Amino acid sequence: MEITRMAFAANMLVNQVLGLKRGETVLIVTDTDRPRKITQALAYSAISAGGEVVVMTMEPQQIGGQEPPAPVAAAMAAAQVVINQSTQSLTHTEAVREAIKHGARVANLRNVTEEMMVTGGITADYHQVKKVTENLARLLTEADVIRMTTPEGTDFTMRAMDRKAIAQSGFVTRPGEFPGCRTARRPWPRWKASPRVWWSLRISRIRSGRLRNPFGWRSPGEESPASRAESRRWS
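**Brief notes about the packing of helix α3 (residues 70-78) against helix α4 (residues 94-101)**
Part 1 of the reasoning: For the pair α3 and α4, the least separation of the axes is 7 Å and the interaxial angle reads 20 degrees. Classified by the interaxial angle, the pair formed by α3 and α4 is roughly parallel. For the pair α3 and α4, the crossing hand works out as right-handed. Residues Ala73, Met76 and Ala77 of α3 touch α4, and the partners they reach there are Ala95, Val96 and Ala99.

If you want it as structure tokens, here you go:
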């Protein structure tokens, strides 16, 4: 695929999501399994915006959350902007937490393919997404009870009184921000859910197909009416 086709997504990430400023240091973390053209597109966009770009390539991590090599972690803590373009997520690592503590803005593009750079969600109007997300967060904050239902049978109720919803719009324009996560010093608030939650679910990694009866979380001592039958059927 031509790099020029990925220019829109790369420029959107650099200029809108990250709000890169001239003279800021940018670290792109990638690995030997990721497409070089995506790395180049990101680097070209960051350089065009005036960033001082460094690319570090490591071996692919075995699982998400595995700590990157020490030189990569040190570079993350020293950079003002970090773009993770590696195969696995670095979200739950000390390297990311240290980078955030030092004021880095971290964007996560893990396991992104060339096709994903030109189609799908990455082509959305992210300013509009931000507006919708913040409006939903406001409604959730103002609510005392939240109930979510779906045609498939989901019926989930939680009490939200005195809880502030967090608008995860994906933007990381302020020092120490990471899309979809809180910093180590600001943990997630605790929400109280109803003790009875039942939903339908598709199991893809074990065996494909929809369960005949829903199952879900139960309060201590309570058993789903279908849990024993479903356990036998899927064993």
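Moving on from the coordinates now.
**Points about the pattern of salt bridges**
Side chains that differ in sign of charge can pair as their charged atoms come close.
Part 1 of the reasoning: Summed over all chains, the structure comprises six salt bridges.
Part 2 of the reasoning: With a closest N to O distance of 2.9 Å, Arg105 and Glu24 form a salt bridge. Separated by 81 residues along the polypeptide, Arg105 in strand β4 (residues 105-108) and Glu24 in the loop between α1 (7-17) and β1 (25-31) bring together distant segments of the chain.
Part 3 of the reasoning: Note on Arg105: relative accessible area 3%, which makes it buried.
Part 4 of the reasoning: Residue classification places Glu24 among the buried residues on the basis of a relative accessible area of 9%.
Part 5 of the reasoning: With a shortest N-O distance of 3.1 Å, Arg97 and Glu94 are connected by a salt bridge. Placement of the pair is Arg97 and Glu94 together in helix α4, with a separation of three residues, close to one helical turn.

**Thoughts on the side chain of Gln61**
Part 1 of the reasoning: By secondary structure assignment, the location of Gln61 is in the loop between β2 (52-58) and α3.
Part 2 of the reasoning: From its side chain, Gln61 meets the backbone oxygen of Gln66 in a polar contact 3.1 Å long.
Part 3 of the reasoning: Of the polar contacts made by the side chain of Gln61, one reaches the backbone oxygen of Glu67; its length is 2.8 Å.
Part 4 of the reasoning: The residues touching Gln61, leaving out its near neighbours within four places in the chain, are Gln66, Glu67, Pro68, Pro69 and Gln88.

**Quick look at the nonpolar core**
Part 1 of the reasoning: Among the nonpolar cores identified, the biggest contains 26 residues, and Leu13, Leu18, Leu20, Val26, Leu42, Ile83 and Met117 are the most heavily contacted of them.
Part 2 of the reasoning: Mapped onto this core, the elements with two or more residues apiece are α1, β1, α2 (36-48) and β3 (81-84).
Part 3 of the reasoning: With sequence-adjacent residues up to four places away left out, Leu42 is seen in contact with Ala10, Leu13, Val14, Ile28, Ile83, Gln85 and Leu109.
Part 4 of the reasoning: By size, the runner-up hydrophobic cluster in this structure holds 15 residues, among which are Leu27, Met58, Val96 and Ala104.

**Let's talk about the sheet that holds β1**
Part 1 of the reasoning: Here four strands make up an open sheet; going across it, the order is β2-β1-β3-β4 and the pairing parallel. This sheet does not close on itself; its edge strands, each paired only once, are β2 and β4. Here the strands of the sheet are splayed against their neighbours by 15 degrees on average, with no regard to which way each runs.
Part 2 of the reasoning: Where β1 meets β2, seven bridges bridge the pair, whose relative direction is parallel. Residue pairing across strands places Thr30 opposite Thr57, the latter belonging to β2.
Part 3 of the reasoning: Those strands touched by α3 are β1, β2 and β3, and its axis lies near 150 degrees from that of β1.

**Quick notes on the environment of Ile100**
Part 1 of the reasoning: Structurally, Ile100 is set in helix α4.
Part 2 of the reasoning: Judged by relative accessible area, which is 12%, Ile100 ranks as buried.
Part 3 of the reasoning: Each C-alpha atom of the pair Ile100 and Pro175 lies 7.6 Å from the other, and the pair is 75 residues apart in sequence.

Cut-offs and rules
Residues numbered from 1 in each chain as written. Predicted model: local features only at pLDDT ≥ 70, side-chain atom pairs only at ≥ 80, totals over all residues. Heavy atoms only, no water. Axes fitted to C-alpha atoms, helices over the stretch in contact; angles between N-to-C directions. Helix = DSSP H or I, 4+ residues; strand = E, 2+ residues; numbered from the N terminus. Parallel < 35°, antiparallel > 145°, perpendicular 65-115°, else oblique. Left-handed = near helix turned anticlockwise from the far one by under 90°. Contact = heavy atoms within 4.5 Å. Salt bridge = Lys/Arg side-chain N within 4 Å of Asp/Glu carboxyl O. Buried < 20%, exposed > 50% of the residue type's maximum accessible area, 1.4 Å probe, protein only. Polar contact = N/O pair within 3.5 Å; in protein donor to acceptor, adjacent residues only side chain to side chain. Core = buried A, V, L, I, M, F, W, Y, C linked by side-chain atoms within 4.5 Å. Pairing = 2+ DSSP bridges.

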